[in-house]
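Residue-level structural notes
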Amino acid sequence: MENLIRFFTKNSPWFTWLFLAILSIVLLCQTNPYHRSIWFSSANFITANVYDIQANVTGYFGLRQTNDEMLERTGQLEAENQALRQLLQQYQDLGSHSNDSVHHQYRYLIAHVVGNSINQAENYITLDKGSADGVHQDLGVADQNGVVGIVANVSEHYSLVLSVLNPKLRLSVMLKDTESFGSLVWDGKDSRYAHFEDLPRNVDYENGDTIVTTGYTSSFPKNIPVGRIVDTFDGGGSFLTLQIELFPNFNRLNAVHVIFNDEQEERDRLQESIGTSDK
Amino acid sequence: MSILLYILWLLLAVVLQVLLFNHLPIFGGVALVYVIALLKAPVEISRVVQIVMGFLVGFVVDIFCNTPGMHALTAVSVMALRDVILHLYNDDPEFKNGLVSMQQIGLSAYARFSLSIIVMHCILLYIIESFTLFNFPVLLAKIFISISLTFGICMAFEFASSKK
């Protein structure tokens with residue numbers, strides 16, 4: 001017994017190390033960001049506040065370029081708006097549509113990026129909007145240029161977003177104006193590029209073509225821009241992998257919008273009510 | 001007194017890490033300046049306390065980086081070996097008190113000691129990271145860049161603080 005106690009006291013540093021190393025490995029193995037505790041992430045109260053203070057200072061850097069991009073985007077949307085207005089007018093003249101049947105399925109909430117990384121194997125973004133603002137898991141996040149990520153976890157006033165630059169995110173995307181779809185995955189190399197995987201070989205495309213969201217998942221509406229094709233990797237199978245240059249500049253994310261899908265909430269409520277009546 | 005001074009070093013290193021150096025990647029590698037907090041830990045505190053402290057420093061960095069366990073496992077393992085490595089380069093029996101520094105153990109010993117710790121730390125950290133995403137050239141580049149940046153900045157801090 002005495003020997004045993006002596007053994008433990010003599011080797012106490014190694015036992016401490018063993019205990020803490022096992023604890024770290026347990027934390028490491030919780031690989032699913034949806035199940036991980038929000039308190040161990042940068043969206044917890046203390047960490048997010050520290051990042052928030054920092055973002056208040058650094059948020060002013062690069063505003064000129066962000067502003068120019070926004071102006072350009074506003075111009076595009078203005079033109080699109082005009083075209084849609086004309087189309088709506090035509091339909092109304094035909095009498096096939098009344099004004100109140102125009103349904104607004106998606107809503108947008110402006111949020112600011114307080115924490116962001118681009119150089120890790122898995123990157124996350126911290127936003128300054130949380131459950132108190134209605135943000136919840138699985139909402140899509142985009143900036144003025146294109147898709148940025150999907151909300152993985154929320155605290156009361158902050159949320160943690162799975163960045164496009166995170167191999168755990170597989171986004172359903174397609175070639176614009178065709179219905180050829182595949183998935184967008186980051187390969188962990190460069191924050192400017194990602195891969196478009198599983199595109200059928202028989203599809204016609206050119207470098208420079210735009211990639212957009214499909215709208216198959218509830219997080220994003222159809223046709224939100226993602227990036228443009230810059231290269232093709234031919235693996236020899238029946239599917240191709242394309243190199244995509246991402247539209248958003250992840251190095252300089254500032255204001256983003258969280259996309260709410262009202263129909264999805266309705267669908268979820270419906271499914272929940274069916275679930276409860278079953279019990 | 002040296003404990004207070006050390007707490008200052010620790011806070012400075014962690015704050016600089018999460019607010020500044022994490023956001024300055026060079027080809028994917030960052031300077032891991034919080035390793036200073038591991039290097040300089042006063043020799044009078046027991047190894048058990050050093051190991052627990054290593055874990056806490058790593059854990060705080062993890063929370064800011066959204067990498068639960070990664071920096072903690074690295075820092076706790078490096079801290080477990082720190083005194084062993086320190087004894088390899090420093091055989092002065094008089095040195096029983098105070099922070100590990102250039103003035104205490106000499107420039108050459110301090111440089112070799114910190115380089116050994118930094119090399120160990122960077123290799124271990126990026127190997128753990130590569131379990132989620134394995135890419136050999138990227139891994140090598142990250143390790144090499146991080147070692148150079150971290151070593152450079154740690155030595156610069158050491159020179160700046162010893163001028164006083």
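Residues numbered from 1 in each chain as written. Chains lettered and ligands numbered in written order. Predicted model: local features only at pLDDT ≥ 70, side-chain atom pairs only at ≥ 80, totals over all residues.

This brings us to the sheet that holds strand β11 (residues 239-246) of chain A. Residue and element names in this part refer to chain A. As summarised here, the arrangement of the 6 strands in space is β6-β7-β8-β11-β10-β9, forming a closed barrel in which the pairing is antiparallel. In this sheet, neighbouring strand axes are inclined to one another by 40° on average, regardless of whether the strands run parallel or antiparallel. Note that strand β6 (residues 171-175) and strand β7 (residues 181-185) share 4 bridges and pair antiparallel. Each residue of the ladder has a partner; that of M174, found in β7, is F181. (Pairing = 2+ DSSP bridges. Helix = DSSP H or I, 4+ residues; strand = E, 2+ residues; numbered from the N terminus. Axes fitted to C-alpha atoms, helices over the stretch in contact; angles between N-to-C directions.)

Averaged over every residue, the pLDDT of chain B is 89; the share at 70 or more is 98%. Under the prediction, the complex receives an ipTM of 0.88, its pTM being 0.79. (pLDDT = per-residue confidence, 0-100.)

Counting from both sides, the interface comprises 28 residues of chain A and, opposite them, 28 residues of chain B. Broken down by secondary-structure element, the contributors of at least two residues to the side of chain A that touches chain B are α2 (12-29) and α3 (45-58) of chain A. Per-element accounting of the side of chain A that touches chain B gives the leading share, 10 residues, to α2 of chain A. Of the residues belonging to the side of chain A that touches chain B, the class tally is 12 nonpolar, 13 polar and 3 charged. (Contact = placed C-beta atoms within 7 Å. Nonpolar A, V, L, I, M, F, W, Y, C, P; charged D, E, K, R; others polar.)

It is worth spelling out the nonpolar core at this point. Of all hydrophobic cores here, the largest spans 52 residues; its most connected members are V141, V151, V161, V164 and V226 of chain A. A per-element tally of this core places strand β4 (residues 147-154) of chain A first, with 6 residues. Ignoring anything within four residues of it in the chain, the contact list for V164 of chain A reads V147, V148, G149, L169, L171, W186, A194 and L246 of chain A. Within the second largest apolar cluster, 48 residues are counted, among which are V35, I51, Y126 and F151 of chain B. (Core = buried A, V, L, I, M, F, W, Y, C linked by C-beta atoms within 7 Å. Buried ≥ 20, exposed ≤ 12 C-beta atoms within 10 Å, placed from the backbone.)

This next bit is on unusual backbone geometry. Phi is positive for D198 of chain A, which is not a glycine, with a value near 65°. With respect to the helices and strands, the residue D198 of chain A is situated in strand β8 (residues 193-200). Overall, D198 of chain A belongs to the partly exposed group, with 15 C-beta atoms counted inside 10 Å. Look at N66 of chain B: it is not a glycine, yet its phi comes out positive at around 60°. When you line up the elements, N66 of chain B lands in the loop between α3 (47-65) and α4 (70-89).

What follows is about α3 of chain A. Compared with an ideal rise of 1.5 Å per residue, which puts 14 residues at 20 Å, α3 of chain A spans 20 Å between its outermost C-alpha atoms and is within 8% of the ideal. Considering only its buried residues, α3 of chain A is in contact with β1 (106-116) and β2 (124-127) of chain A together with α3 of chain B. (Expected span 1.5 Å × (residues − 1).)

A word on the pairing of β4 of chain A. Regular strands have side chains that alternate between both faces of the sheet. Residue and element names in this part refer to chain A. When you tally the buried positions in β4, you get 8 out of 8 residues, the bulk of the element. Strand direction decides the pairing type here: strand β3 (residues 140-142) and β4, joined by 3 bridges, are antiparallel. Bridging from a neighbouring strand, V141 pairs with G149 of β4. Hairpin remark: β3 followed by β4, antiparallel, with 4 residues in the connecting loop. Connecting β4 to the antiparallel partner strand β5 (residues 159-163) that follows it, the hairpin turn spans 4 residues.

Turning next to helix α4 (residues 63-94) of chain A. Over its 32 residues, α4 of chain A extends 45 Å from the first C-alpha to the last, a length consistent with the 46 Å expected when each residue adds 1.5 Å. For α4 of chain A, the buried fraction is low: 0 of the 32 residues fall into the buried class.

This next bit is on the confidence of the model for chain A. Taken over all residues, the pLDDT of chain A has a mean of 83, while the share at 70 or more is 94%. For chain A, per-element mean pLDDT is lowest for helix α5 (residues 262-278) of chain A, which scores 68, and highest for β5 of chain A, which scores 93.

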